[in-house]
Amino acid sequence: MVDYIFNFISFEDFSEIDKQLVRIRQNELSHLPFSGEPDLTEPNPEWGEKYVTELDGYIAIDVPWKPQTKEEEEELVNKFLSGLRKLLDKESNWTFLQPLLLSLEYCARCQTCSEACPIYIASGRKEIYNPNFRSEILRKIIKETKGGKKRSKKVNAKTITRLAELSYRCTICRRCTQTCPIGVDNGLITREIRKLFSQELGIAPTALHKSGTVQHLEKGSSTGLTPEGFSDIIEFIEEDIEERTGKKIKIPVDEKGADILLIHNAGEYLSWPENVAAFAIIFEEAGLDWTLSSDMVGYDAVNYGVWYDDVQLSRIALKHAEIAHKLDVNRIVVGECGHAHKAITVIADRIFVDEYNIPRESCLPLLWDIVRKKKLNLDPEKNNFPVTLHDPCNVVRLMGIVEPQRRILNEICPQFREMHPNGVYNYCCGGGSGFAIMNSMNFPEFRAKVASRMKLKQILDAFQDHIEPDVQKYVCAPCSNCKGAIRDILTHYNVTEKCGIYYGGLVELIVNAMVDVEEPFVEMY
């Protein structure tokens with residue numbers, strides 16, 4: 001492999017310099033068409049004792065894993081090199097070895113990917129956030145250690161701890177991959193670095209692992225929602241539907257032999273139950289044969305393993321398939337959750353075999369089919385306010401589902417307007433790859449100030465013709481994690497109060513347009 005000389009920070013700098021490598025400064029961040037941005041904060045000096053603050057001062061990995069002695073540093077390096085050998089071995093890395101090796105080997109260092117990365121641009125083009133910088137560090141480690149087979153003085157505990165934190169400065173939106181002339185996948189390289197740390201060293205952010213996949217498997221949901229709690233919420237949603245619309249709907253649960261098993265991100269049940277209610281209203285009105293599952297794991301579509309760990313990914317994906325098989329449904333339909341689309345419809349192809357290889361599909365083409373065939377009586381004038389669309393990366397860029405959601409909006413929202421760029425070129429919400437749920441210490445500030453910055457600019461630009469607060473505007477985000485990230489940036493910058501911008505899903509707009517739903521289903525206040 002050809003050596004690459006970084007513009008600002010060399011591999012030696014990365015491994016040897018004791019002080020913090022990069023500091024984010026407010027005046028260097030990319031421009032926002034907005035005044036009154038909150039100031040940056042300083043990290044707590046005490047955090048540096050147990051956590052890795054030597055990269056940029058932000059902490060994504062919130063477990064106290066920083067080695068305290070020379071012996072602990074030696075142990076860390078040895079475990080990392082062992083994990084690196086497995087990462088590059090076909091017997092151990094059975095999921096993504098070939099695309100990983102191709103991406104490591106064939107990068108031309110043209111830097112085309114740099115300008116595609118929203119984090120790199122938003123940060124003021126800090127070199128460490130360049131998509132290829134992280135990959136080059138891994139390439140250099142592989143070269144210095146011959147794939148983990150020998151020790152090198154240039155690869156030490158500082159190299160490894162910084163690399164781990166750096167793998168959580170990318171949302172894996174893969175905009176860089178789309179831009180690359182030869183398809184080098186820096187997003188995959190980032191994900192595989194996270195995997196090495198999780199599977200071989202037991203190091204991952206609490207939100208993804210302990211409170212994420214572990215809790216999902218042990219309690220039934222990454223939110224902590226139990227089967228009993230799920231049943232209570234379903235009862236609440238049925239009552240809420242009747243109160244708000246006058247419709248008496250019995251939501252089907254555990255109906256064997258149904259055509260569709262619908263699975264939602266469990267965050268919808270807790271934070272946005274109106275989304276679950278809207279799906280129930282639409283599916284019942286359209287006459288679909290469908291069911292939810294109350295089984296452990298079956299009522300939560302999320303699979304955080306897709307962001308950091310193959311073992312956890314597989315355990316959850318197989319559980320989803322097992323539940324669908326037990327219910328004897330014809331297909332699984334994924335609700336408005338982007339990464340769940342990726343996990344169960346794309347990545348699970350590497351896991352599912354035989355009877356578990358059940359058809360899986362997105363809700364978006366199904367919803368468009370319902371609207372297109374006039375199965376609902378809709379009045380677009382009920383949605384006559386400015387609406388724009390956020391494209392979830394995993395649904396649009398990864399899976400190529402671009403048109404159904406915009407055809408629906410064009411049909412039912414007279415003032416629909418696109419963000420720019422849009423479709424497969426859209427920017428990540430800033431909450432991708434787990435960022436939306438990582439809320440420890442100062443990481444939310446990195447998400448709001450840097451990771452979500454380009455998305456906020458797109459939203460503000462889309463509504464510049466009516467940016468005044470007394471005109472209510474709606475960002476349609478058909479993904480639970482994206483909604484969470486957009487909610488957080490609107491709150492951080494106080495955009496709802498200053499500009500009258502609200503957010504929500506797609507199905508809520510469909511129900512809002514239904515003629516026989518008299519009261520507004522979309523609430524903007």
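Residues numbered from 1 in each chain as written. Predicted model: local features only at pLDDT ≥ 70, side-chain atom pairs only at ≥ 80, totals over all residues. Heavy atoms only, no water.

1. Things to note about the packing of aromatic side chains
Under the counting rule described, the total for this entry stands at 16 aromatic pairs. Ring centres of Phe 230 and Tyr 299 lie 4.9 Å apart, and the angle between their planes is 15°; on these two criteria the pair is classed as stacked. Residue Phe 230 is found in helix H10 (residues 227-245), and its partner Tyr 299 is found in the loop between strand E2 (290-291) and helix H13 (305-308); the two are separated by 69 residues along the sequence. The burial state of Phe 230 is the same as that of Tyr 299; both residues are buried. Where Phe 435 meets Phe 443, the ring centres are 4.9 Å apart and the plane angle is 90°; that geometry is what we call edge-to-face. Residue Phe 435 shares its accessibility class with Phe 443, and that shared class is buried. By way of ring pairs, the aromatic residues Tyr 58, Tyr 129, Phe 435, Phe 443 and Phe 446 are connected into one cluster. In this structure, Arg 175 packs its charged tip against the face of Tyr 427, placed 4.0 Å from the ring centre. The lysine or arginine in question, Arg 244, covers the ring of Phe 521, its NZ or CZ lying 4.4 Å from the ring centre. (Phe/Tyr/Trp six-rings, centres within 6.5 Å; stacked < 30°, edge-to-face > 60°. Helix = DSSP H or I, 4+ residues; strand = E, 2+ residues; numbered from the N terminus. Buried < 20%, exposed > 50% of the residue type's maximum accessible area, 1.4 Å probe, protein only. Lys NZ or Arg CZ within 6 Å of the ring centre and 35° of its normal.)

2. Here's the deal with unusual backbone geometry
For the peptide bond that leads from His 420 to Pro 421, omega is -5°, which places it in the cis range. When you line up the elements, Pro 421 lands in the loop between strand E6 (416-417) and helix H19 (443-451). With phi around 55°, Ile 172 is a residue other than glycine that occupies positive phi space. Here Ile 172 lies in the loop between helix H6 (157-166) and helix H7 (175-179).

3. Regarding the sheet that holds strand E5 (residues 387-389)
The four strands lie next to each other as E6-E5-E7-E8, forming an open sheet whose pairing is parallel. The open sheet is flanked by E6 and strand E8 (501-504), the only strands paired with a single partner. The pairing of E5 with E6 spans two bridges and is parallel. Along E6, the bridge assignment pairs Val 387 with Phe 416. In the packing of helix H18 (residues 403-412) onto the sheet, contacts are made with E5, E6 and strand E7 (473-476), and the angle to E5 comes to roughly 175°. (Pairing = 2+ DSSP bridges. Contact = heavy atoms within 4.5 Å. Axes fitted to C-alpha atoms, helices over the stretch in contact; angles between N-to-C directions.)

4. Digging into H10
Its 19 residues give H10 an end-to-end C-alpha distance of 27 Å, which sits within 8% of 27 Å, the value for a rise of 1.5 Å per residue. Buried within H10 we find Pro 227, Gly 229, Phe 230, Ile 233, Ile 234, Ile 237, Glu 238, Ile 241, Arg 244 and Thr 245. Those residues of H10 that are buried are in contact with helix H9 (209-219), helix H11 (266-271) and helix H12 (273-286). Directly beyond the C-terminal end of H10, a positive phi value near 80° is found at Gly 246. (Expected span 1.5 Å × (residues − 1).)

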